[in-house]
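# Overview (structure and organization)
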Protein chains: 2
Amino acid sequence: MRTTGENAELALLLEVAGTPKPGNVDRHREYDDLRFEHFLAGAVGSQRGLRAAAKADGPPVGEAFERAVAGMSEQSGGNTQFGALLLVVPLARAAGRGTLAPEGVSAVVDSTTVTDAAGFYRAFEHVDVSVDDPPEDMDALDVRRGSDAVPELHARDLTLEAIMERSAAHDGVAREWVGGFERSFWTADRLSDLDGPVADRASRVFLEALAEEPDTFVAINHDETTAERVSERAAAVLEGDEDAETMADDLVERGVNPGTTADIVAAGLFIALERGLDV
Amino acid sequence: MRTTGENAELALLLEVAGTPKPGNVDRHREYDDLRFEHFLAGAVGSQRGLRAAAKADGPPVGEAFERAVAGMSEQSGGNTQFGALLLVVPLARAAGRGTLAPEGVSAVVDSTTVTDAAGFYRAFEHVDVSVDDPPEDMDALDVRRGSDAVPELHARDLTLEAIMERSAAHDGVAREWVGGFERSFWTADRLSDLDGPVADRASRVFLEALAEEPDTFVAINHDETTAERVSERAAAVLEGDEDAETMADDLVERGVNPGTTADIVAAGLFIALERGLDV
């Protein structure tokens with residue numbers, strides 16, 4: 001049987017294998033400088049951090065996350081799975097504790113400390129991640145400062161949960177952290193309900209999740225209107241009014257990349273695998 | 001930096017990502033009952049065995065191989081990477097010893113014992129593998145007997161090297177074992193010499209290796225003539241006289257699967273990654 005750490009890695013691989021997943025790198029589409037093989041290497045590289053995350057008595061989740069990101073970054077494509085790891089790591093810890101449910105992972109979130117926040121900030125030193133500018137009074141806590149922000153975290157006594165609360169308004173991954181991973185669990189349910197190859201289900205559920213809620217990564221890198229328009233198109237695909245492959249080609253061409261939705265699908269795949277989804 | 005065990009797993013993933021790889025499952029082609037996602041799960045599942053193989057003082061290579069195959073088999077597609085693991089495991093042991101070269105891996109082969117042979121036989125209990133019928137006097141050593149053959153191995157004092165010597169005439173993986181992994185190292189050199197995405201290089205080198213020598217897996221499952229014809233077509237693709245995608249579609253349709261050549265490409269990818277090939 002696969003271990004929890006192995007299921008976490010496999011979730012990342014199945015996510016990127018699902019096609020079409022409009023705007024994201026998948027088995028059939030890639031960018032010149034961000035390719036399918038970078039995601040394979042990213043998933044393999046993250047495995048040591050994921051194994052640490054999956055241990056009930058492992059290192060703090062912030063440290064496990066930093067280790068996973070450091071390993072993920074050992075390829076030349078840049079950021080491949082930062083957001084996915086940020087979701088999968090606390091879920092893997094909950095699974096390691098035998099409490100993989102909204103309450104269980106919320107307990108993991110609740111128990112984070114300033115040390116976890118410091119691990120999270122250090123993770124940004126391994127790879128460039130697209131983020132929004134912080135509000136003015138938060139400049140000292142800009143994640144792009146990496147470990148330089150750690151003294152400020154201690155000074156303000158900010159846990160990783162507190163950091164996520166501050167970002168939840170504009171970042172869909174942070175919203176999962178503070179909302180019991182609602183969309184991740186919803187995605188897992190959908191993956192189990194559907195039939196057929198797992199990668200095809202991942203593609204379908206990606207479209208459903210995208211139609212349901214505008215992607216915050218698109219909103220950050222482009223704007224809210226673009227994010228809303230992408231969700232409308234996903235809904236049109238589901239209703240048969242637009243072709244998924246056409247939408248995928250168009251988004252890749254424009255560099256519009258609904259990465260947060262992909263992160264949530266990876267998290268849902270991990271939960272579903274842990275619950276026994278067959279591959 | 002990726003560990004040797006991680007490079008071994010990544011080699012399996014990059015191999016299956018390369019497309020077109022006529023007749024084999026790749027990123028763009030799969031069979032209904034043997035899909036791309038089965039190879040992802042197979043690679044992830046084999047990682048514990050691969051880590052054991054990569055330890056200089058790890059368990060016997062036959063045991064590490066059995067462990068890798070057991071993990072690989074934890075998916076519903078059946079045999080995905082049996083042959084690739086049979087090549088990568090001794091190479092990983094040589095790498096773990098700091099002797100990843102033809103002499104180093106030959107020393108690993110030379111030092112195998114009956115225990116290694118027993119591990120190899122036990123591995124066949126985890127998954128159905130297409131093999132030739134054994135010669136009449138070898139019936140008691142039919143690999144399909146699995147662990148039932150182990151007493152006979154002991155009675156005849158057969159090491160894993162001796163088993164491979166007996167198969168080298170008709171099996172390209174066994175031939176690597178007893179011939180210093182010549183084609184695996186050649187493949188690694190070619191992968192390093194070429195430019196571009198690693199998965200594209202893997203596809204190219206697959207065609208080159210296939211054109212060079214008929215695939216023994218095709219010969220076993222079909223016949224020698226079919227294997228030779230496939231190699232001629234690969235040569236025609238390289239000369240621009242046939243389209244690789246057309247050849248790939250045709251072979252998949254006919255279920256002609258040059259699996260041994262794919263195994264050798266996986267071995268070559270592992271060697272190249274260990275030598276520092278960037279992904």
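The structure we're discussing is the one just above.
The present account deals with the structure reproduced in this document.

Parameters and conventions
- Residues numbered from 1 in each chain as written.
- Chains lettered and ligands numbered in written order.
- Predicted model: local features only at pLDDT ≥ 70, side-chain atom pairs only at ≥ 80, totals over all residues.
- Heavy atoms only, no water.
- Helix = DSSP H or I, 4+ residues; strand = E, 2+ residues; numbered from the N terminus.
- Buried < 20%, exposed > 50% of the residue type's maximum accessible area, 1.4 Å probe, protein only.
- Contact = heavy atoms within 4.5 Å.
- Buried area = accessible area lost by both parts, 1.4 Å probe.
- Salt bridge = Lys/Arg side-chain N within 4 Å of Asp/Glu carboxyl O.
- Polar contact = N/O pair within 3.5 Å; in protein donor to acceptor, adjacent residues only side chain to side chain.
- Axes fitted to C-alpha atoms, helices over the stretch in contact; angles between N-to-C directions.
- Parallel < 35°, antiparallel > 145°, perpendicular 65-115°, else oblique.
- Left-handed = near helix turned anticlockwise from the far one by under 90°.
- Nonpolar A, V, L, I, M, F, W, Y, C, P; charged D, E, K, R; others polar.
- Least-squares fit on C-alpha atoms with pLDDT ≥ 70 in both.
- Arc of directions from axis to C-beta.
- Phe/Tyr/Trp six-rings, centres within 6.5 Å; stacked < 30°, edge-to-face > 60°.
- Core = buried A, V, L, I, M, F, W, Y, C linked by side-chain atoms within 4.5 Å.

### Examining the overall build of chain A
For chain A, the count of helices and strands is 16 helices and zero strands. Its C-alpha atoms give chain A principal-axis dimensions of about 55 × 45 × 35 Å. Across the 279 residues of chain A, 61% fall into the buried class. Pairs at least 24 apart in sequence give 68% of the contacts found in chain A among residues at least 6 apart.

### Describing unusual backbone geometry
All names here are of chain A. Of note, the amide linkage connecting Thr19 to Pro20 takes the cis form, showing an omega dihedral of -5 degrees. Position of Pro20 among the secondary structure elements: in the loop between helix 1 (4–17) and helix 2 (36–45). The backbone of Asp157 sits at a positive phi, close to 55 degrees, despite the residue not being glycine. Examined against the element boundaries, Asp157 turns out to sit in the loop between helix 8 (150–156) and helix 9 (160–167). In this structure Asp157 comes out as exposed when scored by relative accessible area, which is 58%.

### Some words on the interface of chain A and chain B
The partner chain B presents 29 residues to the 29 residues of chain A that form the contact. Where chain A abuts chain B, roughly 2,800 Å² becomes buried across the two surfaces, and 55% of that area is made up of carbon and sulfur atoms. For the chain A face of the interface with chain B, the top three residues by lost area are Arg27(A), Glu37(A) and Val279(A), together amounting to 22%. Our enumeration of links across chain A and chain B arrives at four salt bridges. In this structure, Glu6(B) engages Arg48(A) in a salt bridge whose closest nitrogen and oxygen atoms are separated by 2.8 Å. Counting across the interface, chain A meets chain B through 17 residue pairs in polar contact (both at pLDDT 80 or more). Broken down by secondary-structure element, the contributors of at least two residues to the side of chain A that touches chain B are helix 1, helix 2, helix 3 (47–53) and helix 12 (198–212) of chain A.

### Quick notes on the packing of helix 5 (residues 82–96) of chain B against helix 6 (residues 102–110) of chain B
Residues and elements named next belong to chain B. Contact pair helix 5 / helix 6: the axes reach a minimum separation of 9 Å and the direction vectors enclose 110 degrees. By the criterion of interaxial angle, the relationship of helix 5 to helix 6 is roughly perpendicular. Both helix 5 and helix 6 take part in a crossing whose hand is right-handed. Across the interface between the two elements, Pro90, Leu91, Arg93 and Ala94 from helix 5 touch Gly104, Val105 and Val108 from helix 6. Along the lines of polarity and charge, the residues of the contact of helix 5 with helix 6 split into five nonpolar, one polar and one charged.

### Here we look at the relation of the copies chain A and chain B
Rotating chain A by 180 degrees and moving it 0.0 Å along the rotation axis overlays it on chain B with an RMSD of 0.0 Å. Taken together, the rotation and translation describe the operation of a two-fold axis. When each C-alpha of chain A is compared by its distance to the rotation axis, Arg27(A) comes out closest, at 2.9 Å. The overlap is high: 100% of the interface residues of chain A also sit at the interface in chain B, so the same surface is used on both sides.

### Examining helix 15 (residues 244–254) of chain A
Residue and element names in this part refer to chain A. Here helix 15 has its buried residues at Ala244, Met247, Ala248, Leu251 and Val252. Each buried residue of helix 15 lies within a common arc of 125 degrees when the element is viewed along its axis, so the set occupies one face. In this structure, the buried residues of helix 15 make contact with helix 12 and helix 14 (224–238). In the stretch just after helix 15, Gly255 is the one whose phi turns positive, near 70 degrees.

### Things to note about the packing of helix 12 of chain A against helix 16 (residues 259–274) of chain A
All names here are of chain A. Two elements in contact, helix 12 and helix 16, have axes whose closest approach is 9 Å; the angle formed by their N-to-C orientations is 130 degrees. Comparing the axis directions of helix 12 and helix 16 gives the class oblique. Here the hand of the crossing between helix 12 and helix 16 comes out right-handed. Contacts between helix 12 and helix 16 involve Val198, Ala202, Phe206, Ala209 and Leu210 from the former and Thr261, Ala262, Val265 and Leu269 from the latter. For the contact of helix 12 with helix 16, the residue count by class is eight nonpolar, one polar and no charged.

### Considering the environment of Arg122(B)
Residue and element names in this part refer to chain B. Relative to the assigned elements, Arg122 resides in helix 7 (residues 114–123). A relative accessible area of 33% means that Arg122 is categorised as partly exposed. A C-alpha to C-alpha distance of 5.0 Å links Arg122 and Ser147, two positions 25 residues apart in sequence. Discounting chain neighbours no more than four positions away, the residues touching Arg122 are Glu66, Ser147 and Val150.

### Examining the packing of aromatic side chains
On inspection of all chains with the given rule, the structure shows 14 aromatic pairs over all chains. Judged by centre distance (5.1 Å) and plane angle (85 degrees), the ring pair of Phe65(B) and Phe82(B) falls under edge-to-face. Linking Phe65(B) in helix 4 (residues 61–72) with Phe82(B) in helix 5, this pair joins segments that are 17 residues apart in sequence. With relative accessibility at 5%, the residue Phe82(B) sits in the buried group. Summarising the aromatic geometry, the rings of Trp177(B) and Phe181(B) are spaced 6.4 Å apart at their centres and angled 45 degrees between planes, so their arrangement reads as tilted. We note that Trp177(B), like Phe181(B), is buried. By the ring-pair criterion, three or more aromatic residues cluster together here, those being Phe65(A), Phe82(A), Phe120(A), Tyr121(A) and Phe124(A).

### Points about the nonpolar core
Soluble globular proteins tend to pack their nonpolar side chains together in the buried interior. Phe120(A), Leu153(A), Phe270(A), Phe120(B), Leu153(B) and Phe270(B) are the most contacted members of the largest nonpolar core, which has 200 residues in total. Leaving out residues up to four positions away in the same chain, Leu153(B) has contacts with Val114(B), Ala117(B), Ala118(B), Tyr121(B), Leu141(B), Leu158(B) and Ile163(B).

### Section: the side chain of Arg29(A)
Residues and elements named next belong to chain A. Locating Arg29 in the fold gives a position in the loop between helix 1 and helix 2. At a separation of 2.5 Å, a polar atom in the side chain of Arg29 contacts the side chain of Glu245. There is a polar contact of 2.7 Å between the side chain of Arg29 and the side chain of Asp249. Excluding residues within four positions of it along the chain, Arg29 makes contact with Thr19, Pro20, Asn24, Glu245, Ala248, Asp249 and Val252.

### Points about the pattern of salt bridges
All names here are of chain A. Under the criterion given, the structure shown has 38 salt bridges over all chains. For the salt bridge of Glu63 with Arg67, the shortest nitrogen-to-oxygen distance reads 3.4 Å. Of this pair, Glu63 and Arg67 both sit in helix 4 (residues 61–72), four residues apart, roughly one helical turn. We classify Glu63 as partly exposed; its relative accessible area is 35%. For Arg67, a relative accessible area of 39% puts it in the partly exposed group. For Asp250, the salt bridge is made with Arg233, and the minimal N-O distance between the two is 2.6 Å. With Asp250 in helix 15 and Arg233 in helix 14, this pair connects stretches of sequence that are 17 residues apart. Through salt bridges that share partners, Arg233, Glu242, Asp250 and Arg254 make up one connected network.

Shape descriptors only; they carry no functional weight alone.
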